[in-house]
Amino acid sequence: MSTELRELYQEVILEHAKRPRNFRALEGPVRRAEGNNPLCGDVLTVYVALDGDTVKDVAFQGSGCAISTASASVMTELLKGKSRADAEALFEAFHALVTGEPESMQRAAALGKLAVFAGVSEFPTRVKCAILAWHTMRAALEGREETVSTE
Amino acid sequence: MTTAHPVSRPSSRRSAPAAGLDTGRLRSDFPILEQQVHGKPLVYLDNAATAQKPRAVIDAMARFYATDYANIHRGVHTLSERATQAYEDARHAVRRFLNAADHREIVFVRGTTEAINLVAQSYGRTVLGAGDEILITGMEHHSNIVPWQLLCQERQSVLRVAPITDDGALDLDAFERLLGSRTKLVAVTHLSNALGTINPIRELAALAHRHGVPVLVDGAQAAPHLAVDVQALECDFYAFSGHKLYGPTGIGVLYGKAPLLRGMPPYQGGGDMISSVSFERTVYQDIPFKFEAGTPHIAGAIGLAAAIEYVLGIGLEAVAAHEHALLAYATARLGAMSRVRLVGTAPDKASVLSFLVDGVHPHDIGTILDHEGIAIRAGHHCAQPVMQRFGIPATARASFALYNTMEEIDALAAGIDTVIEVFG
């Protein structure tokens, strides 16, 4: 298997794809948004419970490819306890990482676990899979109604 | 696996390599197949999406642009005469390819999608009224669904869908039951691009004609893989695309029985489809020109004719037999893998093998195979209703053409082993 492929489908990503974290719906007064990439077949709902400005809890449901599922899973782990501003910053950093922006590699360390998605930049057709959960999360935070798509 | 269509079967069983086609020599006709992808030899198995082009087609178009190119039909100069001759020769080549009764029954369009839209808008608008019905099947490509939906919305007509069985075949009893007194048109695929199912067109046309209903056939997938004889099939319209038949993109054919075409109003208005224009009165051309407005894809028609010549030079029976052997072998290899589920297992199939791998999204299958140099398609294949019928978001699809080999199927199987290895 090639190095790029090995990097894309590495242990962490496969693990999160097979056993996604926070894979449930959230009840009660939560923000939610739908994400759908119909051409790919990736569908998700992201739930965000806010406590003032802090993300108290975040979870997701849905079905899709390994990249979209793993991305959503890792995202939910990282966002818990973060402020909205931090969540937005992580969104920008993740976007830069997977689209292969040059400076993003230096910031990779700051991304912690998200750095595992660096390999996605070698697979342009899969970027939309990786960012779907993030765009959906942002729509949830902003209280936007319409279904998100990254196609 | 049995086939109902009249193709001579090779005497070899599926464990032996396909007899008859010299794929080594044929592959050298296709320059694009030489290359490597991610350091591996390209294994192009996405022929249902589009087929690669032999040098004969590429050269025919280049030669046309280099020596004979001019606008057609209206010029009196030599180049125009040569271009017109080449374009009309192409029309005759298509007539022979389909065994249509008359070359005027051959309309050049952009592709199958445009052909179907032409019939929907020109024929459909004339015959359909409120409460009338169009009958299609559950295995259609979006291009043989959406034009009818648009038409039904406009005319307040009803779209009826004949269901498919669990193995992806057409439920013929249900189809017959859905043919009623309000049915005005049947539109059906000859070969399903998502499932590979071959429909018994002659039988369906006979059924429809008993009710006085004409039949349009979507032949986009069939034309490269089966011998098509529109008179034997007795269909009223037949549509296919050049690019799936080893020809260029941007060219396709609508065949229509002359009386039908003559009775249909124009589709697009403009130059070339008129015989006289004044602000008082415009008179349209006879068929087929009535439906060919504007300057066509002249080089495209020439490329299509070259593709037809190339394929007929090998022989469609030989091509079909070769592809049948490939499909049988691939079905056996993949069918034997415990994690693989085949989708579309009708008794009468050609060229297409859709499959799933347990626990792996088709997208991921596609990416990993791509890294092994293997090109397949992952998705809904412009047949979302088919996916919904089987309760899946997408499939991985391998589709075969005359230049594919048994070794490439071995590569596909090994690639799937890699997919399973990666995902555990």
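Residues numbered from 1 in each chain as written. Chains lettered and ligands numbered in written order. Predicted model: local features only at pLDDT ≥ 70, side-chain atom pairs only at ≥ 80, totals over all residues. Heavy atoms only, no water.

### Some points on the overall build of chain A
Using the following cut-off: Starting at the N terminus, helices and strands are each numbered in turn, a helix being any DSSP run of H or I of at least four residues and a strand any DSSP run of E of at least two. Radius of gyration here uses only the C-alpha atoms, and the compact-globule reference equals 2.2 Å multiplied by the residue count raised to the power 0.38. A simple rule labels every residue: compare its accessible area, found with a 1.4 Å probe on the protein chains alone, to the largest value its type can have, and call it buried under 20%, exposed over 50%, or partly exposed in between.
When helices and strands are tallied, chain A shows 6 helices and 3 strands. Counting helices and strands in the order they occur from the N terminus, chain A gives α-α-β-β-β-α-α-α-α. Here chain A has a C-alpha radius of gyration of 14 Å; the compact-globule value for 151 residues is 15 Å, and the two agree. Residues counted as buried form 49% of the 151 residues belonging to chain A.

### Section: the overall build of chain B
Selection rule: The contact definition used throughout considers only heavy atoms, calling two residues in contact when any of these lie within 4.5 Å. Only the protein chains shown count as cover for residues, with accessible areas throughout obtained via the Shrake-Rupley method and a probe of 1.4 Å.
On a plain count of helices and strands, chain B comes out with 14 helices and 17 strands. A compact globule built from 424 residues should have a C-alpha radius of gyration of about 22 Å, and chain B, at 22 Å, falls within 12% of that. When its C-alpha atoms are laid out on the principal axes, chain B stretches across 75 × 55 × 35 Å. Taking all 424 residues of chain B together, 58% fall into the buried category. Relative to all contacts within chain B whose residues are 6 or more apart in sequence, the contacts with residues 24 or more apart total 72%. Here chain B has roughly 16,400 Å² of accessible surface; of this, 51% comes from carbon and sulfur atoms.

### Digging into the interface of chain A and chain B
Quick reminder of the rule: Buried area: the accessible area, evaluated with a 1.4 Å probe, that two parts lose upon being put together, summed over both parts. The term salt bridge refers to a pairing of a side-chain nitrogen on Lys or Arg with a carboxyl oxygen on Asp or Glu at a separation within 4 Å. For the purposes of these results, a polar contact is taken to be a pair of N or O atoms within 3.5 Å, where, inside protein, one atom must be able to donate a hydrogen and its partner to accept one; residues adjacent in sequence count only when each atom of the pair is a side-chain atom. All residues other than Ala, Val, Leu, Ile, Met, Phe, Trp, Tyr, Cys, Pro, Asp, Glu, Lys and Arg, Gly among them, are scored as polar; the first ten of these are nonpolar and the last four charged.
Facing 20 residues of chain A, the contacting portion of chain B comprises 13 residues. For the pair chain A and chain B, the summed buried surface comes to about 1,400 Å²; carbon and sulfur atoms form 62% of the total. For the pair chain A and chain B, the number of links is 1 salt bridge. For the interface between chain A and chain B, the tally reads 6 residue pairs in polar contact (both at pLDDT 80 or more). Only helix 1 (3-8), helix 2 (11-18) and helix 3 (66-79) of chain A provide two or more residues apiece to the side of chain A that touches chain B. Looking at side-chain class alone, the side of chain A that touches chain B contains 13 nonpolar, 3 polar and 4 charged residues.

### So, helix 4 (residues 112-127) of chain B
Every α-helix winds through 3.6 residues per turn, so residues three or four apart in the chain are directed the same way. All names here are of chain B. To keep things clear, this is the line we draw: Each residue after the first adds 1.5 Å to the expected span of a helix. What we call the bend at a residue is the angle made by axes fitted to the seven residues finishing there and the seven residues starting there.
Helix length check: helix 4 (16 residues) gives 21 Å between terminal C-alpha atoms against 22 Å at 1.5 Å per residue, within 8%. The sharpest bend along helix 4 measures roughly 25 degrees and falls at alanine 120. For helix 4, every residue scored as buried is listed here: Thr112, Glu114, Ala115, Ile116, Asn117, Leu118, Val119, Ala120, Ser122, Tyr123 and Gly124.

### Thoughts on the sheet that holds strand 14 (residues 352-357) of chain B
Strand-to-strand pairing in sheets goes through backbone hydrogen bonds, with the strands running parallel or antiparallel. All names here are of chain B. Let me state the cut-off plainly: Any two strands with at least two DSSP bridges between them are considered paired. Every axis corresponds to a line fitted to the C-alpha atoms, with the helix fit spanning only the stretch in contact, and the corresponding angles, defined between N-to-C directions, vary from 0 to 180 degrees.
Here we have 4 strands laid out as an open sheet, ordered 13-14-17-16, and antiparallel in their pairing. If you trace the sheet from one side to the other, it starts and ends with strand 13 (340-343) and strand 16 (377-379), each paired once. In this sheet, adjacent strand axes meet at a mean angle of 35 degrees when their direction is disregarded. Pairing between strand 16 and strand 17 (residues 395-399): 3 bridges, direction antiparallel. Bridged to arginine 377 within strand 17 is arginine 397.

### Points about the packing of helix 2 of chain A against helix 3 of chain A
Residue and element names in this part refer to chain A. The condition is simple: An angle counts as roughly parallel when it lies under 35 degrees, as roughly antiparallel when it exceeds 145, as roughly perpendicular when it falls between 65 and 115, and as oblique in every other case.
Two elements in contact, helix 2 and helix 3, have axes whose closest approach is 8 Å; the angle formed by their N-to-C orientations is 90 degrees. Considering their axes alone, helix 2 and helix 3 lie roughly perpendicular with respect to each other. Contacts between helix 2 and helix 3 involve Ile13, His16 and Ala17 from the former and Ala66, Ile67, Thr69, Ala70, Ser73, Val74 and Glu77 from the latter. Grouping the amino acids of the contact of helix 2 with helix 3 by side-chain chemistry returns 6 nonpolar, 3 polar and 1 charged.

### With respect to the confidence of the model for chain B
Short version of the rule: The predictor reports its confidence for every residue as pLDDT, a score running from 0 up to 100.
Of all residues in chain B, 95% have pLDDT values of 70 or greater, and the mean over the chain is 94. Note on residues 1-18 of chain B: pLDDT under 50 across the span, and 34 contacts to partners over four residues away in sequence or across chains.

### Section: the nonpolar core
In plain terms, the rule: By nonpolar core we mean a set of buried residues, namely Ala, Val, Leu, Ile, Met, Phe, Trp, Tyr and Cys, connected to one another through side-chain atoms within 4.5 Å.
Judged by nonpolar contacts, the single largest core of 83 residues is most densely connected at Leu98(B), Tyr238(B), Phe240(B), Tyr246(B) and Leu402(B). It is helix 10 (residues 298-314) of chain B that provides the largest number of residues to this core, a total of 11 residues. Other than its neighbours up to four places away in sequence, Tyr238(B) contacts Leu98(B), His190(B), Val217(B), Gly219(B), Ala222(B), Ala223(B), Val228(B), Val230(B), Leu233(B), Val253(B), Leu254(B) and Tyr255(B). Core analysis: the second largest hydrophobic core is formed by 79 residues, Val55(A), Val74(A), Ile374(B) and Ile416(B) among them.

### Considerations on the pattern of salt bridges
Any two side chains of opposite charge can pair, so long as their charged atoms come close to each other. Throughout the structure, instances matching the rule amount to 30 salt bridges over all chains. With its nearest N and O atoms 2.9 Å apart, the salt bridge here joins Arg138(A) to Glu88(A). Placement of the pair is Arg138(A) in helix 6 (residues 127-141) and Glu88(A) in helix 4 (residues 84-98), with a sequence separation of 50 residues. A residue is classified by how much of its surface remains accessible, and Glu88(A), at 27% relative accessible area, is partly exposed. Between Glu88(B) and Arg91(B) there is a salt bridge whose closest N-O contact spans 2.7 Å. Taken together, the positions of Glu88(B) and Arg91(B), both in helix 3 (residues 78-98) and 3 residues apart, correspond to about one turn of that helix. Here Glu88(B) matches Arg91(B) in class, with each residue buried. It is possible to trace a salt-bridge network through shared partners that takes in Glu15(A), Arg19(A), Arg21(A), Glu77(A) and Lys113(A).

### What about the side chain of Thr76(A)?
Within the secondary structure, Thr76(A) sits in helix 3. For Thr76(A), the residues in contact, after removing those within four places along its chain, are Arg21(A), Asn22(A), Val58(A), Ala59(A) and Phe60(A).

### Side note on the sheet that holds strand 9 (residues 237-241) of chain B
Residues and elements named next belong to chain B. Reading across from one edge, 4-10-9-8-7-5-6 is the order of the 7 strands in this open sheet, with mixed pairing throughout. Edge positions in the sheet fall to strand 4 (106-109) and strand 6 (158-162), since each has one partner strand and no second. On average, each strand axis in the sheet is inclined to that of its neighbour by 20 degrees, with strand direction left out of account. Taken together, the 4 bridges between strand 7 (residues 183-189) and strand 8 (residues 215-218) define a ladder with parallel strand orientation.

### Describing the environment of Arg74(B)
Residue and element names in this part refer to chain B. As for its position among the elements, arginine 74 is in the loop between helix 2 (55-68) and helix 3. Under the relative-accessibility criterion, arginine 74 is labelled exposed at 54%. Separated by 130 residues in the primary sequence, arginine 74 and leucine 204 place their C-alpha atoms 42 Å from one another.

### Some words on the packing of aromatic side chains
Each aromatic ring pair is described using two quantities: the centre-to-centre distance and the angle formed by the ring planes. Residues and elements named next belong to chain B. Worth spelling out the cut-off: What counts as a ring pair is set by centres within 6.5 Å for rings of Phe, Tyr and Trp (its six-membered ring), and what kind of pair is set by the plane angle: stacked under 30 degrees, edge-to-face over 60, tilted for all other angles.
Evaluated as defined, the whole model comprises 14 aromatic pairs over all chains. Between tyrosine 87 and phenylalanine 108, the aromatic rings sit 5.1 Å apart at their centres with planes inclined by 50 degrees, giving tilted as the arrangement. Residue tyrosine 87 is located in helix 3, and its partner phenylalanine 108 is located in strand 4; the two are separated by 21 residues in the primary sequence. With relative accessibility at 6%, the residue phenylalanine 108 sits in the buried group. With a centroid separation of 5.8 Å and an interplanar angle of 55 degrees, the aromatic rings of phenylalanine 97 and phenylalanine 240 are classed as tilted. With phenylalanine 97 in helix 3 and phenylalanine 240 in strand 9, the pair connects residues that are 143 residues apart, well separated along the chain. Accessibility classification places phenylalanine 97 together with phenylalanine 240 in one group, the buried group. Taken together, Phe30, Tyr246, Tyr310 and Tyr403 form an aromatic cluster joined through their ring pairs.

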